[in-house]
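# Structural overview
The lines below spell out each chain.
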Amino acid sequence: MRLRLAPLAFALAALPAAAEPAPEPVTVTGGQVQGRSDADGRTRIFEGIPFAAPPLGALRWRPPAPVVPWNGVRAADKPAPACLQNDYGWNRANHLFASEDCLTLDIRTPAKPGERLPVMVWIHGGSNRAGGSGGTVSSRITDSGVVLVAIQYRLGIFGFLARRDLAAEQDGASGNYGLMDQIAALRWIRDHIARFGGDPANVTIFGESAGSQDVSLLLAAPEARGLFRKAILQSGTPGFGMPPRPLGEAFAIGDQLGGSLPELRNTPAPALLAADLKLRDAALWNQDFMWLRTTIDGRVLPRDPRALLDEAPPRPVIIGTNRFEFGPPPGTIDVAAYAAHWFGDKAAAALAFYHAEDAAGPDPRLGPMEARMETDVVFRCPAGNLAQLLTRQGWPVWRYEFDVPPRGADPSTLTAHAAEIPYILDRLPLGPTTPSPLIQNYWTNFAKAGDPNGRGMPRWGRFARGAYLAMEPQGLAMRRNLRARPCDLVSEI
């Protein structure tokens with residue numbers, strides 16, 4: 001009997017698994033979209049849904065326009081291209097699969113008909129000049145009972161350029177078109193997410209690096225008010241420690257591009273990408289920060305973000321950084337000049353601190369002096385200043401510091417910029433202990449109720465008197481006064 005059944009069993013095993021039936025189309029502005037079902041058969045995934053018109057030709061460097069309708073059912077079952085960007089090496093996949101027609105969003109939803117789950121909206125990083133949302137909705141964070149949305153926005157010269165001729169046609173404002181795209185996406189989510197099982201009244205925005213900076217600017221932006229209730233900032237603040245760029249300085253950068261506006265709107269995109277690499281801001285130490293220095297454009301950000309945050313309605317916020325982010329390798333910069341750039345008239349005091357720290361033997365988890373200094377002035381200290389500013393205004397704030405090596409690295413390896421993302425989106429445990437803390441639970445609890453704490457989890461106290469949660473392989477611990485010195489020498493957010 002077994003001899004006769006074996007060939008049949010082998011044949012059945014060789015058959016491909018039956019594909020999950022496609023979910024029913026969903027009607028949105030523009031027409032119908034049809035996604036796909038995940039392998040579990042319980043989750044629906046939609047990719048490449050337009051939330052605005054393609055910003056091409058006459059729509060270049062304009063606020064996002066309404067979606068262009070389509071006929072029939074639009075397939076939303078494959079990744080959409082990222083927004084146009086130069087090749088910086090780390091972003092090669094996005095550079096190769098990119099288009100100026102990129103104002104789309106992706107959705108992953110486990111919701112059954114009639115449900116209204118909390119919504120988490122991911123804003124990707126990449127210095128506001130690179131990156132993309134593709135692949136984010138492969139995260140199974142939705143198993144925790146949330147709807148996940150990942151949005152795209154114009155980058156670099158296409159998304160953040162300010163020019164005098166643009167201001168002349170746009171009521172005196174210019175720049176931050178990428179932020180306008182994010183606001184348009186949040187409006188689309190407000191109007192449509194209920195059809196995907198999400199609760200439009202319970203939206204949390206979160207992002208890392210430039211995405212985190214953009215989250216903080218959306219907290220400040222008057223046009224974004226009412227579009228979300230909570231925010232999570234992972235290694236990024238309104239200015240990354242840099243003073244905001246006045247519109248006049250932004251115009252001076254735009255002047256470097258030359259040409260008339262009609263000519264530039266007809267210029268092939270590769271030529272504009274090449275021109276982007278040549279633009280210079282004399283106030284920057286590193287031109288990689290060109291599109292990270294916040295422009296006060298006169299519309300999205302009508303004033304300094306600090307003043308706008310003072311006026312904004314309080315909302316629950318998580319703010320955090322990694323113990324080691326990045327910085328110049330040892331011996332590659334003039335440390336005194338670097339300190340003068342970042343600390344100004346407090347540079348001597350800062351240098352005295354760092355040299356004394358080196359002499360005493362710094363915590364090896366902080367890295368060499370150059371990187372300690374950059375992590376402090378660009379990430380850690382501005383995050384602390386922002387937490388203090390919001391707390392003074394009555395906002396519920398939770399602060400963290402993440403210090404876990406990148407996935408698969410030797411335990412002695414320093415953590416790194418963006419190293420926390422897989423621990424959140426992929427639900428990685430913090431360390432080898434069983435059970436090990438899962439910080440994803442804090443994120444999803446926060447999205448659900450505006451408080452990261454939950455049953456059976458180590459308590460994460462609010463930011464008060466310098467309190468923060470240290471996230472390490474050995475576990476979680478509440479501590480105080482994260483790098484009080486030298487952060488008392490830093491005033492920017």
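Above this note sits the structure.
Residues numbered from 1 in each chain as written. Predicted model: local features only at pLDDT ≥ 70, side-chain atom pairs only at ≥ 80, totals over all residues. Heavy atoms only, no water.

### With respect to the overall build of the protein
- Counting its regular elements, the protein contains 16 helices and 16 strands.
- On C-alpha atoms alone, the protein measures out to a radius of gyration of 24 Å, which is about the 23 Å that the 2.2 N^0.38 rule sets for 493 residues.
- Along the three orthogonal principal directions, the C-alpha set of the protein runs to about 85 × 60 × 45 Å.
- Element-wise, carbon and sulfur atoms account for 56% of the exposed surface of the protein, whose accessible area totals about 19,800 Å². (Helix = DSSP H or I, 4+ residues; strand = E, 2+ residues; numbered from the N terminus. Rg over C-alpha atoms; globule rule 2.2 N^0.38 Å. Areas by Shrake-Rupley, 256 points an atom, 1.4 Å probe, with all protein chains shown as cover.)

### Considerations on the pattern of salt bridges
- Using the criterion set out here, one finds 31 salt bridges in the structure.
- The network of salt bridges with common partners includes R323, E357, D358, D363, R372, D376, R380, E401 and R483. (Salt bridge = Lys/Arg side-chain N within 4 Å of Asp/Glu carboxyl O.)

### Remarks on the packing of aromatic side chains
- Here the structure, examined in full by the defined rule, presents 15 aromatic pairs.
- Ring centres of W285 and Y338 lie 4.9 Å apart, and the angle between their planes is 75 degrees; on these two criteria the pair is classed as edge-to-face. Here Y338 lies in helix α11 (residues 335-343) and W285 lies in the loop between α9 (269-276) and α10 (305-311), a separation of 53 residues in the sequence.
- A residue is classified by how much of its surface remains accessible, and W285, at 36% relative accessible area, is partly exposed.
- For Y338, a relative accessible area of 0% gives the class buried.
- Both rings, one in W398 and one in F446, keep their centres 6.0 Å apart while their planes meet at 80 degrees; by these two values the pair is edge-to-face. Taken as a pair, W398 in strand β14 (residues 397-402) and F446 in helix α15 (residues 439-449) lie far apart in primary sequence, 48 residues in all. (Phe/Tyr/Trp six-rings, centres within 6.5 Å; stacked < 30°, edge-to-face > 60°. Buried < 20%, exposed > 50% of the residue type's maximum accessible area, 1.4 Å probe, protein only.)

### Focus on the packing of α11 against helix α12 (residues 347-360)
- Here α11 crosses α12 at 130 degrees, and the two axes come no closer than 8 Å. On the basis of their axis angle, the class for α11 and α12 is oblique. Crossing hand, α11 versus α12: right-handed. Contact residues: α11 offers V335, A336, A339, A340 and F343, while α12 offers A347, A350, L351 and Y354.
- Here the contact of α11 with α12 is composed, by residue class, of 9 nonpolar, no polar and no charged. (Axes fitted to C-alpha atoms, helices over the stretch in contact; angles between N-to-C directions. Parallel < 35°, antiparallel > 145°, perpendicular 65-115°, else oblique. Left-handed = near helix turned anticlockwise from the far one by under 90°. Contact = heavy atoms within 4.5 Å. Nonpolar A, V, L, I, M, F, W, Y, C, P; charged D, E, K, R; others polar.)

### Concerning unusual backbone geometry
- Of note, the bond from R485 into P486 is cis; its omega dihedral lies within 30 degrees of zero at 25 degrees.
- Positionally, P486 belongs in helix α16 (residues 484-487).
- Backbone geometry at F240 places phi at a positive 50 degrees, although glycine is not the residue there.
- By the element assignment, F240 lies in the loop between β12 (230-234) and α7 (247-255).

### Thoughts on the nonpolar core
- Judged by nonpolar contacts, the single largest core of 108 residues is most densely connected at I107, V149, I189, F196, F228 and F343.
- Here this core gets 11 residues from one element, more than from any other, and that element is helix α13 (residues 369-392).
- Discounting chain neighbours no more than four positions away, the residues touching F228 are L186, V203, I205, L218, L219 and R315.
- Counting 28 residues, the second largest nonpolar core, distinct from the first, contains L148, Y423, L428 and Y442. (Core = buried A, V, L, I, M, F, W, Y, C linked by side-chain atoms within 4.5 Å.)

### Observations regarding the state of the cysteines
- Using the criterion set out here, one finds 2 disulfides in the structure.
- Residue pairing for C83: its cysteine sulfur links by disulfide to C102, the two sulfurs lying 2.0 Å apart. Because the sign of the S-S torsion sets the handedness, a value of about 95 degrees for the bond joining C83 and C102 places this disulfide among the right-handed ones. Residue C83 is found in strand β6 (residues 82-83), and its partner C102 is found in the loop between β7 (98-99) and β8 (104-109); the two are separated by 19 residues along the sequence. No difference in accessibility class separates C83 from C102, as the two residues are buried.
- Shown here is the disulfide that connects C381 with C487, its sulfur atoms set 2.0 Å apart. Taking the torsion about the sulfur-sulfur bond, which here is approximately -75 degrees, the covalent link between C381 and C487 counts as left-handed. (Disulfide = S-S within 2.5 Å.)

### Description of the pairing of strand β10 (residues 147-151)
- Among the 5 residues of β10, 5 are classified as buried, and the element is accordingly described as predominantly covered.
- Burial along β10 is two-sided: the face carrying V147, V149 and I151 and the face carrying L148 and A150 are both buried.
- Here 4 bridges tie β8 to β10, and the two strands are oriented antiparallel to one another. Counted as the bridge partner of L105 is I151 from β10.
- One ladder, built from 5 bridges, connects strand β9 (residues 117-123) with β10; its direction is parallel. Its bridge partner lying in β10, W122 is registered against A150. (Pairing = 2+ DSSP bridges.)

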